[in-house]
Amino acid sequence: RARAPRPKQAPPRRSMATEKEIAMRIASTKNIRKITSSMKMVSAAKLKGDQNRLAAAKQFAAWTAVLDEPATPLEELEGTAGLADHSVVVAISSDKGLCGGVHSAVARGLRTINARLKEENKTMNVIAVGEKGRSQLRRMVPDSLTTALTNIPPPYNFGYASTVAQMALDTEPEKTGAIAVVYNKFVSAIAYSPTLKTIAPFVLEGDDVTLTAYDADDDVLRGLREYYLATEIFYGMMEGATSEQSSRMQAMENATKNAGELIDKLTLIYNRARQARITTELIEIISGASALE
C-alpha cells in the first residue's frame with residue numbers, strides 16, 4: 001500500500017528581531033568593545049617593551065652588516081634571491097593570533113618563493129617558528145615544511161635563536177647551500193614589511209674562498225657562521241615580535257571602532273522597534289476607546 005506523499009513544509013521564515021534580542025546584541029557588542037579596547041591598551045604597553053628589545057637587538061646584530069648583503073623586502077624580491085639548488089628557510093611567526101595579517105604575510109611570501117624555486121628545479125626545507133606560521137605553511141607548502149617549533153614563551157631570547165640555528169644547520173647539511181630567514185620587519189606602529197635575509201655559506205676551499213681577509217682556521221670560520229646565523233635569527237625574532245604587537249594594537253583599534261559603529265546601528269534599530277511598538281499600543285488604546293463610545 002503506497003503511502004500518501006508528505007505535504008511540503010514551508011521554509012522557515014526569518015522574523016524581525018524583537019526588542020529584547022536587539023538589546024541583548026547591544027549588550028554583548030558593548031562587552032566585546034570593552035575587551036578589544038583593553039587589548040589595544042595592553043598591546044600598546046607591550047609594544048614599548050618590544051621596541052626597546054628591538055633597539056638593543058639592532059646594536060647586537062650591527063656587526064653582521066660587513067659579512068653579507070642587507071635583507072630584501074619580499075615585494076622587491078627578484079627571482080629566487082640567490083638561493084642555492086637546495087636551501088633551508090626559517091619562517092618566523094608566533095603562537096598567538098588576533099594581529100591582522102602578520103603571519104599570513106610570511107606564509108604568502110614563502111609560497112611565492114617556493115613556486116619560483118620549483119620553476120628553476122630547486123628545492124627548500126622550511127623550519128617554522130610559531131604555531132600560526134606552522135598551521136598556514138602546512139597548507140601552503142606542505143611538501144617543504146620539515147620542522148616546527150611551537151609553544152615558545154615570549155619574549156624570544158638568543159637561546160631560542162641558537163636552537164633554531166642549530167636545527168637549520170643540521171637539516172641535510174650535505175646538500176644545503178644558503179640558509180634564509182623570513183620575518184616581518186618593523187617599519188612603524190602602523191606598518192611592517194615581510195623581509196628575506198639570505199645567509200650564504202662561507203667557502204673555505206677552491207677558487208671562491210670567502211673571508212680571505214681573516215687569518216683563521218676552518219673551525220673558527222664555521223663557528224663564526226653558526227654565530228652569524230643565530231644572530232640573524234634572533235634579530236628576525238625581535239623584528240617579528242615588534243611587528244606583531246604593533247599589528248595587534250592596530251587590529252584591536254579597528255575592532256573597537258567597528259564595535260562602536262555596530263552599537264550605533266543596533267541602537268537605531270532598537271529605537272525604531274520601540275517606537276513602532278509604542279505607536280501600535282497607542283492605536284489599540286484609541287481604537288478601543290472609540291469602540292466603547
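For the structure, see preceding data.
Residues numbered from 1 in each chain as written. Predicted model: local features only at pLDDT ≥ 70, side-chain atom pairs only at ≥ 80, totals over all residues. Heavy atoms only, no water.

## A short note on the overall build of the protein
Our working rule: Under the scheme used here, helices are H or I runs from DSSP no shorter than 4 residues and strands are E runs no shorter than 2 residues, and both carry numbers assigned from the N terminus. The buried label goes to any residue with under 20% of its type's maximum accessible area, the exposed label to any with over 50%, and the partly exposed label to all in between, with areas taken from a 1.4 Å probe on protein chains only. Contacts are assigned to residue pairs that have any heavy atoms within 4.5 Å of one another. The method behind every accessible area is Shrake-Rupley, applied with a 1.4 Å probe, and residues are considered shielded solely by the protein chains displayed.
The helix and strand tally for the protein stands at five helices and six strands. Per-residue burial over the protein gives 38% buried out of 293 residues. Taking as baseline every contact in the protein between residues at least 6 positions apart, the subset at least 24 positions apart corresponds to 77%. Here the protein has roughly 17700 Å² of accessible surface; of this, 53% comes from carbon and sulfur atoms.

## A short note on the nonpolar core
Soluble globular proteins tend to pack their nonpolar side chains together in the buried interior. For clarity, the threshold we go by: For this analysis, a nonpolar core means a set of buried residues of the types Ala, Val, Leu, Ile, Met, Phe, Trp, Tyr and Cys, connected via side-chain atoms within 4.5 Å.
In this structure, L229, I233 and M237 are the most contacted members of the largest nonpolar core, which totals 33 residues. Of all the elements in the fold, those that place two or more residues in this core are α1 (19-60), β2 (86-92), β3 (123-129), α4 (158-170), β5 (179-188) and α5 (218-292). No other element matches the nine residues that α5 contributes to this core.

## Here we look at helix α2 (residues 102-119)
How we decide: Helix span, expected: 1.5 Å multiplied by one less than the number of residues in the helix.
Across its 18 residues, α2 extends 27 Å between first and last C-alpha, which sits within 8% of the 26 Å expected from 1.5 Å per residue. On its buried face, α2 is in contact with β2, β3, α3 (131-140), β5, β6 (191-199) and α5. At the exit of α2 stands N121, carrying a positive phi of roughly 60°.

## Notes on empty space enclosed by the protein
A water-sized probe rolled over the atoms picks out the places where empty space is left. Threshold: Buriedness for pockets is judged along seven lines, at least five of which must meet protein on both sides within 12 Å for an open set on the 1 Å grid over protein atoms alone, while cavities are sets there where a 1.4 Å probe fits but cannot get out, and lining residues have an atom within 4 Å of a point. Grid points are joined across faces, edges and corners, and a volume is the space filled by probe spheres set on the points. Residue polarity is assigned by list, with Asp, Glu, Lys and Arg as charged and Ala, Val, Leu, Ile, Met, Phe, Trp, Tyr, Cys and Pro as nonpolar; anything else, Gly included, falls into the polar class.
According to the stated counting rule, one finds one cavity of 30 Å³ or more in the structure shown. Approximately 30 Å³ is the volume attributed to the largest cavity. Around the largest cavity sit A91, S93, H103, V106, A107, G133 and L137, which together line it. Every element with two or more residues in the lining of the largest cavity is listed here: α2 and α3. Take the lining of the largest cavity: its biggest share by element is three residues, from α2. Class assignment for the residues of the lining of the largest cavity results in four nonpolar, three polar and no charged.

## Comments concerning the sheet that holds strand β4 (residues 145-149)
For the record, the criterion: Pairing between strands is defined by DSSP: at least two bridges between the two strands are required.
Strand order in the open sheet formed by six strands is β1-β6-β5-β2-β3-β4, with mixed pairing between adjacent strands. Two strands close off the open sheet at either side, each with one partner strand: β1 (72-73) and β4. The pairing of β3 with β4 spans four bridges and is classified as parallel. Within β4, the residue paired with A128 across the bridge is A148.

## A short note on a nonpolar patch on the surface
The cut-off we apply is this: Only residues whose relative accessible area exceeds 30% and that take part in no salt bridge are eligible for patches, with like-charged residues grouped when within 9 Å of each other and nonpolar side chains (Val, Leu, Ile, Met, Phe, Trp, Tyr) grouped when within 5 Å. We define a salt bridge as a side-chain nitrogen of Lys or Arg found within 4 Å of a carboxyl oxygen belonging to Asp or Glu.
There is a patch of nonpolar side chains on the surface, built from I278, L282, I285 and I286 and spanning about 380 Å² of accessible area. Note that I285 resides in helix α5.

## Here we look at the packing of α4 against α5
A packed helix pair is summarised by two numbers, namely the angle formed by the two axes and the spacing between the axes. Here is the rule: Only the stretch in contact is used when fitting a helix axis, every axis being a line fitted to C-alpha atoms; angles between N-to-C directions are given from 0 to 180 degrees. Angular relationships are summarised with four words: roughly parallel below 35 degrees, roughly antiparallel beyond 145, roughly perpendicular across 65 to 115, and oblique for the angles in between. Crossing handedness: left-handed means the near helix sits turned counterclockwise from the far one by under a right angle, and right-handed means the same turn made clockwise.
With their axes 8 Å apart at the nearest point, α4 and α5 run at an angle of 125° to one another. One finds that α4 runs oblique with respect to α5. When you trace α4 past α5, the crossing you get is right-handed. Contacts from F158, Y160, A161, S162, V164, A165, Q166, A168 and L169 in α4 reach R225, E226, Y227, L229, A230, T231, I233, F234 and M237 in α5. Its residues placed into classes, the contact of α4 with α5 shows 13 nonpolar, three polar and two charged.

## Some details on α4
For an α-helix, 3.6 residues make a turn, and residues three or four places apart therefore share a direction. For the record, the criterion: Throughout this description, a polar contact denotes any pair of N or O atoms lying within 3.5 Å of each other; where both atoms belong to protein, one of them has to be capable of donating a hydrogen while the other can accept it, and for residues adjacent in sequence the pair is counted only when both atoms sit in side chains.
For α4, spanning 13 residues, the distance from its first C-alpha to its last is 18 Å, which sits close to the expected 18 Å at 1.5 Å a residue. In the core, the buried residues of α4 are packed alongside β2, β3, β4, β5 and α5. At the N-terminal end of α4, a side-chain oxygen is found 3.0 Å from the backbone nitrogen of G159, two or three residues along, and the residue is N157. In the segment just after α4, E172 is the residue with positive phi, at about 45°.

## So, the pairing of β3
Applied cut-off: Viewed with both strands pointing away, a crossover whose connecting path from the first strand over the helix to the second turns clockwise is right-handed.
The buried fraction of β3 is high, at six of seven residues. Bridge analysis of β2 against β3 gives seven bridges, and the strand direction is parallel. Of the residues in β3, the one forming a bridge with H86 is T123. In the classification by handedness, the crossover that spans β3, the intervening α3 and the parallel β4 is right-handed.

## Things to note about unusual backbone geometry
Excluding glycine, most residues fall at negative phi; most peptide bonds, likewise, are trans. With an omega of -5°, the peptide bond running from P154 to P155 counts as cis. The topology assignment puts P155 in the loop between β4 and α4. The residue L98 is not glycine, and still its phi comes out positive at about 55°. Mapped onto the fold, L98 is located in the loop between β2 and α2.

## Description of the side chain of S93
Relative to the elements of secondary structure, S93 occurs in the loop between β2 and α2. A residue is classified by how much of its surface remains accessible, and S93, at 8% relative accessible area, is buried. Separated by 3.0 Å, the side chain of S93 and the backbone nitrogen of G133 make a polar contact. In this structure S93 touches H103, V129, G130, K132, G133 and Y156, once residues within four positions along its chain are discounted.

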